[in-house]
Amino acid sequence: MNTRIAAALSKDEEVEILRAQYAERWGDAADGPFFLITVPLRVCPLGAHSDHQGGIVTGFTIDRSVRLLGRSLPAPTVSVASVNFPE
């Protein structure tokens with residue numbers, strides 16, 4: 001199965017796919033409240049956030065993003081896994 005999520009999916013469809021992957025990865029029921037965070041990727045032409053020549057740095061977003069599906073758990077620890085980079 002291709003684990004990359006197509007951009008054409010609705011947010012609800014995307015959450016359902018991510019919930020299924022969550023349940024597969026963490027081995028518990030994927031029910032309960034989840035949150036989905038979408039962070040657009042940005043490009044900075046200089047590769048930094050400052051211009052040392054006194055000019056203006058104009059960063060811009062592109063049509064790609066990082067998505068994070070999470071949920072609150074009672075344990076005081078954080079576990080993270082990548083769908084696209086399992087290693």
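The structure reproduced in this document is the subject of the present report.

Criteria and thresholds
Residues numbered from 1 in each chain as written. Predicted model: local features only at pLDDT ≥ 70, side-chain atom pairs only at ≥ 80, totals over all residues. Heavy atoms only, no water. Patch = residues over 30% accessible without salt bridge, like charges linked within 9 Å, V, L, I, M, F, W, Y side chains within 5 Å. Areas by Shrake-Rupley, 256 points an atom, 1.4 Å probe, with all protein chains shown as cover. Salt bridge = Lys/Arg side-chain N within 4 Å of Asp/Glu carboxyl O. Helix = DSSP H or I, 4+ residues; strand = E, 2+ residues; numbered from the N terminus. Buried < 20%, exposed > 50% of the residue type's maximum accessible area, 1.4 Å probe, protein only.

1. Things to note about a nonpolar patch on the surface
Reasoning step 1: Together, Phe35, Ile37, Val39, Leu41, Phe60, Ile62, Val66 and Leu68 line one region of the surface with nonpolar side chains, adding up to about 650 Å² of accessible area.
Reasoning step 2: Among the secondary structure elements, those contributing two or more residues to the nonpolar patch are strand S1 (35-43) and strand S2 (60-70).
Reasoning step 3: You can see isoleucine 62 is positioned in strand S2.
Reasoning step 4: Judged by relative accessible area, which is 36%, isoleucine 62 ranks as partly exposed.

2. Considerations on the environment of threonine 38
Reasoning step 1: Of note, threonine 38 is situated in strand S1.
Reasoning step 2: Judged by relative accessible area, threonine 38 falls into the partly exposed class, the value being 44%.
Reasoning step 3: Separated by 29 residues in sequence, threonine 38 and arginine 67 have C-alpha atoms that sit 4.5 Å apart.

Keep in mind these values describe shape, not function.
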